[in-house]
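Survey of secondary and tertiary structure
Spelled out from the first residue to the last, the chains are:
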Amino acid sequence: MLILVSYDVSTETSEGRRRLRRVAKVCLNYGQRVQKSVFECKVNLAQMETLKAELLDIIDEAEDSLRFYRITEPLSKNLMEFGKFKAVDFEDTLIV
Amino acid sequence: MTILRNTLYVTTPDAYLRLEGETVCVMIEDEKRLQVPLHHLSAFVLFDHVMLSPALLGRCAQDGRSVVWLNRSGKFSARLEGPVSGNILLRQAQFRAAEDGAQTLSIARAVLAGKLRNSRQVLMRGARETDDAGDKEVLVRTAKLIGNQVRKLPLAGDLDTLRGLEGDSARLYFESLPRVMKPQARADFPFDNRNRRPPRDRFNALISFLYALVLSDCRAALETVGLDPQLGFLHAVRPGRPALALDLLEEFRAPVADRLALTLINRGQLSAGDFDEREGGAVLLNDKGRKTVIAAYQTRKQEEITHPVLKQSVPVGLLPHGQARLLARYLRQDVAHYVPYLHR
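All figures in this text were calculated on a predicted structure; none of them were measured in a lab. (Residues numbered from 1 in each chain as written. Chains lettered and ligands numbered in written order. Predicted model: local features only at pLDDT ≥ 70, side-chain atom pairs only at ≥ 80, totals over all residues. Heavy atoms only, no water.)

Concerning the overall build of chain A
Summing up its helical and strand segments, chain A has three helices and five strands in all. In sequence order, the secondary structure elements of chain A are arranged as β-α-β-β-α-β-α-β. Its C-alpha atoms put chain A at 40 × 30 × 25 Å along the principal axes. Burial statistics for chain A: of 96 residues in total, 39% are counted as buried. Sequence-distant contacts in chain A: of pairs separated by 6 or more residues, those separated by 24 or more amount to 66%. Just so you have it, chain A exposes about 6100 Å², and 50% of that area is on carbon and sulfur atoms. (Helix = DSSP H or I, 4+ residues; strand = E, 2+ residues; numbered from the N terminus. Buried < 20%, exposed > 50% of the residue type's maximum accessible area, 1.4 Å probe, protein only. Contact = heavy atoms within 4.5 Å. Areas by Shrake-Rupley, 256 points an atom, 1.4 Å probe, with all protein chains shown as cover.)

Set out below in structure tokens:
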């Protein structure tokens, strides 16, 4: 399934900026960055739970916010993309 | 049920792959070209000079991800092997079966029956689709002849007889195969017999390359199931030769590789410009052609078909895996026969 992870992490303090970097790093392990603080991740339920747990460990719930959206299939109907960035479909042919 | 995970193909020379967190980054001239989370990947197929960072190598060895290096024409050059693992009891059963003449013969016979039936199927499909009465007649006739060979298989009492039947059928098959091509494509793909090391015409270059891709998938499937890819039944054991992977490949040559080759040619997705000729008469796919073939093969692997034995929908890419499991079941004596993959 495809999930959308988006977050706001407070960057007022250096501790916050550190959390921001760590959140992005964890998200990258599961998917790809589609906008500054928005990630698309193709994961199964178990992976989503671990991702959620890992992120909750990092963020400070008093300062930051974290949102998960689950996108229903078929993606061709429920996902539109415009503009210069094109996401990579990790399940499609990968040739470099 | 195993899930078909993706394979990352790297054809750009001097690419560098490294581990970053739980992802692999493909670096080309110090630029990050692609970053893929490892959970999407079960295999890497790398052409020519592609380097992996030690951390990534270690990680792949540990997780049992298949990493294979092929040269430009698809010839196997190296692969990564992690700690010896898998099911030793299964491998013991495999070794015992290889010592037992009757069991060896039974597996070899099943594998060949699958191969011949599937080759016949490709010819029959060609016969159905052609408009030319002459082509149709030849294809149907060859299909019948191969059908006769299949009936002779149970009578063959030793491996040499089996291999003889295989040789005869292969010759018949390849003689008729050009007739499955659309007439307008035949000029670009002249082909009258199978040749390799090196391939001497475009069609041979194309199928050799596809066989190499399927073979590396067969090998990975065997290793995943825990069988030893080197100890074959139909193919004799030789140092360095993945005999069992070659056995497994037999069932898939016609329906997966040959059929895909013909489709690419008939649809005009490949043309003479996708091949280069080398000195000495060798013909090889060039970079552009190779990418077209890999992309088509990957798409084909995603297609779902109903497995005739398992009676469930399986992506084509998992067929070798399914057969490796059926073979393991037979070797463990859970079932009385090994049933080859029969394409519809």
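Observations regarding the environment of Gln-103 of chain B
All names here are of chain B. With respect to the secondary-structure elements, Gln-103 resides in helix α3 (residues 101–129). A relative accessible area of 14% places Gln-103 in the buried class. Sequence spacing of Gln-103 and His-337 is 234 residues, and the spatial spacing of their C-alpha atoms is 9.4 Å.

Focus on the pattern of salt bridges
Residues and elements named next belong to chain B. Within the structure shown, the criterion is met by 24 salt bridges over all chains. Note that Glu-250 is salt-bridged to Lys-115, the shortest N-O span being 2.9 Å. Of this pair, Glu-250 sits in helix α8 (residues 243–266) while Lys-115 sits in helix α3, and the two are 135 residues apart along the sequence. For Arg-179, the salt bridge identified is with Asp-135, shortest N-O distance 2.8 Å. Within this pair, whereas Arg-179 is found in the loop between α5 (159–176) and α6 (183–186), its partner Asp-135 is found in helix α4 (residues 133–152), the two being separated by 44 residues in sequence. In this structure Asp-135 comes out as buried when scored by relative accessible area, which is 5%. (Salt bridge = Lys/Arg side-chain N within 4 Å of Asp/Glu carboxyl O.)

Observations concerning the interface of chain A and chain B
Listed by partner, the interface residues are 15 residues for chain A and 27 residues for chain B. Buried area between chain A and chain B, both sides added, is near 1600 Å², and the carbon and sulfur share of it is 62%. Taken together, chain A and chain B are joined by zero salt bridges. At the level of elements, α1 (14–30) and β5 (94–95) of chain A are the ones that each hand at least two residues to the side of chain A that touches chain B. Considering every element that reaches the side of chain A that touches chain B, the biggest residue donor is α1 of chain A, with three residues. (Buried area = accessible area lost by both parts, 1.4 Å probe.)

Structural notes on the pairing of strand β3 (residues 23–28) of chain B
All names here are of chain B. With six of six residues buried, β3 is to be regarded as a mostly interior element. On β3, burial covers both faces: Thr-23, Cys-25 and Met-27 on one face and Val-24, Val-26 and Ile-28 on the other are all buried. When strand β2 (residues 15–20) meets β3, the two strands line up antiparallel, connected through five bridges. If you follow Tyr-16 over to β3, its bridge partner there is Met-27. Following β2, the chain reverses through two residues before pairing antiparallel with β3; Gly-21 in that reversal takes a positive phi of roughly 60 degrees. Bridge count for β3 against strand β4 (residues 31–37) is six bridges, and the pairing is antiparallel. By the bridge assignment for β4, Cys-25 is matched with Gln-35. Here β3 hands over to β4 after two residues, with Glu-29 in that stretch at a positive phi of 50 degrees. (Pairing = 2+ DSSP bridges.)

Description of the sheet that holds strand β2 (residues 31–35) of chain A
All names here are of chain A. If you walk across this open sheet you meet the four strands as β2-β3-β1-β4, and the pairing is antiparallel. The open sheet has two edge strands, β2 and β4 (65–71), and neither has a second partner. On average, each strand axis in the sheet is tilted by 25 degrees relative to the strand beside it, whichever way the strands run. With five bridges joining them, strand β1 (residues 2–8) and strand β3 (residues 38–42) adopt antiparallel strand pairing. By the bridge assignment, Leu-4 is partnered in β3 with Glu-40. Across the sheet, helix α2 (residues 45–58) touches β1, β3 and β4, and the angle it forms with β4 is around 170 degrees. (Axes fitted to C-alpha atoms, helices over the stretch in contact; angles between N-to-C directions.)

Some thoughts on α3 of chain B
For the α-helix, the turn length of 3.6 residues means that residues three or four positions removed from each other point alike. With 29 residues, α3 of chain B extends 42 Å from end C-alpha to end C-alpha; this agrees with the ideal 42 Å at 1.5 Å per step. Looking at where α3 of chain B begins, the residue whose side-chain oxygen comes 2.9 Å from the main-chain nitrogen of Ala-102 of chain B is Asp-100 of chain B. (Expected span 1.5 Å × (residues − 1). Polar contact = N/O pair within 3.5 Å; in protein donor to acceptor, adjacent residues only side chain to side chain.)

Examining the nonpolar core
Formed by 83 residues in total, the largest nonpolar core has its most connected members in Leu-177, Phe-203, Leu-210, Leu-213, Leu-227 and Leu-331 of chain B. With 14 residues, α8 of chain B is the largest single contributor of residues to this core. Setting aside residues up to four positions removed in sequence, Leu-213 of chain B forms contacts with Tyr-9, Phe-47, Leu-70, Ile-294 and Tyr-297 of chain B. Membership of the second largest hydrophobic core comes to 22 residues, among which are Phe-90 of chain A together with Leu-8, Leu-41 and Phe-44 of chain B. (Core = buried A, V, L, I, M, F, W, Y, C linked by side-chain atoms within 4.5 Å.)

Side note on a positive patch on the surface
A contiguous patch of positive charge, built from Lys-75, Arg-196, Arg-197 and Arg-238 of chain B, is present on the exposed surface. Within the secondary structure, Lys-75 of chain B sits in the loop between β7 (66–70) and β8 (76–79). (Patch = residues over 30% accessible without salt bridge, like charges linked within 9 Å, V, L, I, M, F, W, Y side chains within 5 Å. Lys, Arg positive; Asp, Glu negative; His and termini not counted. Charge placed at Lys NZ, Arg CZ, Asp CG, Glu CD.)

Some points on the packing of α3 of chain B against α4 of chain B
All names here are of chain B. Following both chains from N to C, one finds α3 and α4 inclined at 165 degrees, their axes separated by 9 Å at the closest point. As summarised for this structure, α3 and α4 are arranged roughly antiparallel, according to the angle between their axes. Crossing handedness for the pair α3 and α4: left-handed. In this structure, α3 uses Leu-116, Arg-117, Arg-120, Leu-123, Met-124, Gly-126, Ala-127 and Arg-128 to contact α4, whose residues at the interface are Lys-136, Leu-139, Val-140, Thr-142, Ala-143, Ile-146, Gly-147, Gln-149 and Val-150. Residue composition of the contact of α3 with α4, grouped by class: nine nonpolar, four polar and four charged. (Parallel < 35°, antiparallel > 145°, perpendicular 65-115°, else oblique. Left-handed = near helix turned anticlockwise from the far one by under 90°. Nonpolar A, V, L, I, M, F, W, Y, C, P; charged D, E, K, R; others polar.)

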